[in-house]
Amino acid sequence: WHGKKSVLTHHGDLVMPNNFKDQWIERIMTALMRQGEREAARITVHSCDYADHSKFLVPFRDKLECIYPPVEIPEPQADAVAQWRADLGLTQNKLVGFAGRFVEEKGFDYLLQAIPLVRAKIPNVKFVYAGEINVVYEHFFDRWKHLVEQERDSIVTLGLLLDPQRLANFYAMNDVFALPSRTDCFPSVQIEALLSGTPVVATNIPGAREVVRVTGMGKLVTPRDPQALAEGLVAVLTNRSAYVKTRAQIREIFNTEKTLDEYETLFETLIR
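Since we're looking at a predicted model, the values are computed, not measured. All residue numbers refer to position in the chain's written sequence, counted from 1. Only residues with pLDDT of 70 or above have their local features reported here, since the model is predicted, and side-chain atom pairs are shown and tallied only from 80 upward, although totals for entire chains, interfaces and linings are computed over all residues. Side-chain measures were taken over the full set of non-hydrogen atoms in the model, leaving aside hydrogen atoms and water.

Novice: Before we go on, may I ask you to explain the packing of aromatic side chains in this structure?
Specialist: Think of a pair of aromatic rings as described by two things: how far the centres are apart, and how the planes are tilted against each other in angle. Note on ring pairs: Phe, Tyr and Trp rings are taken, using the six-membered ring of Trp, and paired if centres are within 6.5 Å. Classes follow the plane angle, with under 30 degrees stacked, over 60 edge-to-face and the rest tilted. Tallying each qualifying case throughout the model produces 15 aromatic pairs. Between the aromatic rings of Phe170 and Tyr171, the centroid separation amounts to 5.4 Å while the plane-to-plane angle is 50°, which identifies the pairing as tilted. On the accessibility criterion, Tyr171 (1% relative accessible area) is buried. These aromatic residues form a ring-pair network of at least three members: Phe98, Phe102, Phe108, Tyr129, Phe140, Phe141 and Trp144. A positively charged side chain is recorded as over a ring if its NZ (Lys) or CZ (Arg) lies within 6 Å of the ring centre. The angle to the ring normal must also be within 35 degrees. A cation over an aromatic ring shows up here: Arg166 above the ring of Trp84, its NZ or CZ 3.9 Å from the ring centre. Type-normalised accessible area, obtained with a 1.4 Å probe on protein chains alone, sets the label of each residue: buried when under 20%, exposed when over 50%, and partly exposed for intermediate values.

Next comes the structure, spelled out in structure tokens:
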């Protein structure tokens, strides 16, 4: 309207649960987003892998710029991590971390189904969750609460972690981080985990697989498959050193200064 060029950052296609109300919301919101992207001069997306597999973005491929997002997290505090483990009574356990909203797209139901399969191979394993369980706009947790109760002895819940230092210590406390998503554009928790020294087991889906692909710090598994997820977690837990990279190696790829430089170049190009 004002004759100004706009740049949109696409954080992911809207994927809602498969029911009439949510699908109606998805269609309306997607139509509005498409209108915005038609008007934009450029659209940035967190990975070309996601863009190439997004039905939403395909019509706008000539406008796309693939720029990794900036991710900043403090270095973990080794003493605090050890103390936290001790306070939770987990010093002798193998730990699998997972975090985020307890909603359908995150695929935590597959992780819950994988717990007994992992425990059969590694009896002392515990699964540590950071996040909010009762998401008011989606009742996904209620559908899988029976599995949470069934695996109660294997699950440790920490609640929502808002302090960046405590979040870094959470990642470092775990031996591996699980990302069992159904769909995901570019979950920053992966990079945060890697920067905290913890390898990732992620589902092999567009966008979410990018981090493990480019760093080698983890393992990709078949999506929506508890058995494959369990096998991936066991593989990393039993040979963790083979998947660990240094923080400096991860920063060579995911670097905030590089991200800012790429955005600055994009803006300067549009101005010219």
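Novice: I would appreciate a short explanation of the pattern of salt bridges in the present structure.
Specialist: Oppositely charged side chains can pair when the atoms bearing their charge come close. Each reported salt bridge corresponds to a side-chain nitrogen of Lys or Arg within 4 Å of a carboxyl oxygen of Asp or Glu. Tallied over the entire structure, the rule returns 12 salt bridges. Asp52 is the partner of Arg61 in a salt bridge, and the nearest nitrogen-oxygen pair spans 2.9 Å. You can call Arg61 partly exposed: its relative accessible area is 34%. Here Arg152 makes a salt bridge to Glu149, at a shortest N to O gap of 3.1 Å.

Novice: How should I be thinking about the sheet that holds strand β7 (residues 176-179) in this particular structure?
Specialist: Pairing between the strands of a sheet comes from backbone hydrogen bonds, and it takes one of two forms, parallel or antiparallel. Pairing between strands is defined by DSSP: at least two bridges between them are needed. Here a helix means four or more residues in a row that DSSP labels H or I, a strand means two or more in a row labelled E, and each is numbered from the N terminus. Strand order in the open sheet formed by 6 strands is β6-β5-β4-β7-β8-β9, and the pairing between neighbours is parallel. The sheet terminates laterally at β6 (155-159) and β9 (218-221), the two strands that pair on one side only. Between one strand axis and the next, the sheet turns through 25° on average, direction left out of account. Each axis is a line fitted through C-alpha atoms, taken for helices only over the stretch in contact, and angles between the N-to-C directions span 0 to 180 degrees.

Novice: Honestly, the state of the cysteines in this entry has me stumped. Any pointers?
Specialist: Linking two cysteines covalently through their sulfur atoms gives a disulfide. Cysteine sulfur atoms are paired as a disulfide whenever they come within 2.5 Å of each other. One pass over the structure, following the stated rule, counts 1 disulfide. Shown here is the disulfide that connects Cys48 with Cys66, its sulfur atoms set 2.1 Å apart. Handedness of the Cys48-Cys66 disulfide follows from its S-S torsion of about 115°: it is right-handed. With Cys48 in helix α2 (residues 48-52) and Cys66 in strand β3 (residues 64-66), this pair connects stretches of sequence that are 18 residues apart. Not part of a disulfide, Cys185 finds its nearest cysteine sulfur in Cys66, a span of 10 Å.

Novice: So what exactly am I meant to see when it comes to helix α7 (residues 188-195) here?
Specialist: Each turn of an α-helix holds 3.6 residues, which means side chains three or four residues apart point in the same direction. Of all 8 residues that make up α7, 7 are buried, and the element is covered over most of its length. Where α7 is buried, its residues contact α6 (164-173), β7, β8 (200-203), α8 (210-215) and α10 (247-251). Positive backbone phi, at 90°, marks Gly197, one or two positions downstream of α7. Here a residue-residue contact requires only that any non-hydrogen atoms of the pair lie within 4.5 Å.

Novice: Is there a simple way to explain the sheet that holds strand β1 (residues 7-10) in this structure?
Specialist: Here 3 strands make up an open sheet; going across it, the order is β1-β2-β3 and the pairing parallel. Bordering the open sheet on either side are β1 and β3, each of which pairs with just one other strand. Mean inter-strand twist for the sheet, computed between neighbouring axes without regard to direction, equals 30°. Bridge count between β1 and strand β2 (residues 42-45): 4 bridges; the pairing is parallel. Residue pairing in the sheet places Val7 in a bridge with Arg42 of β2.

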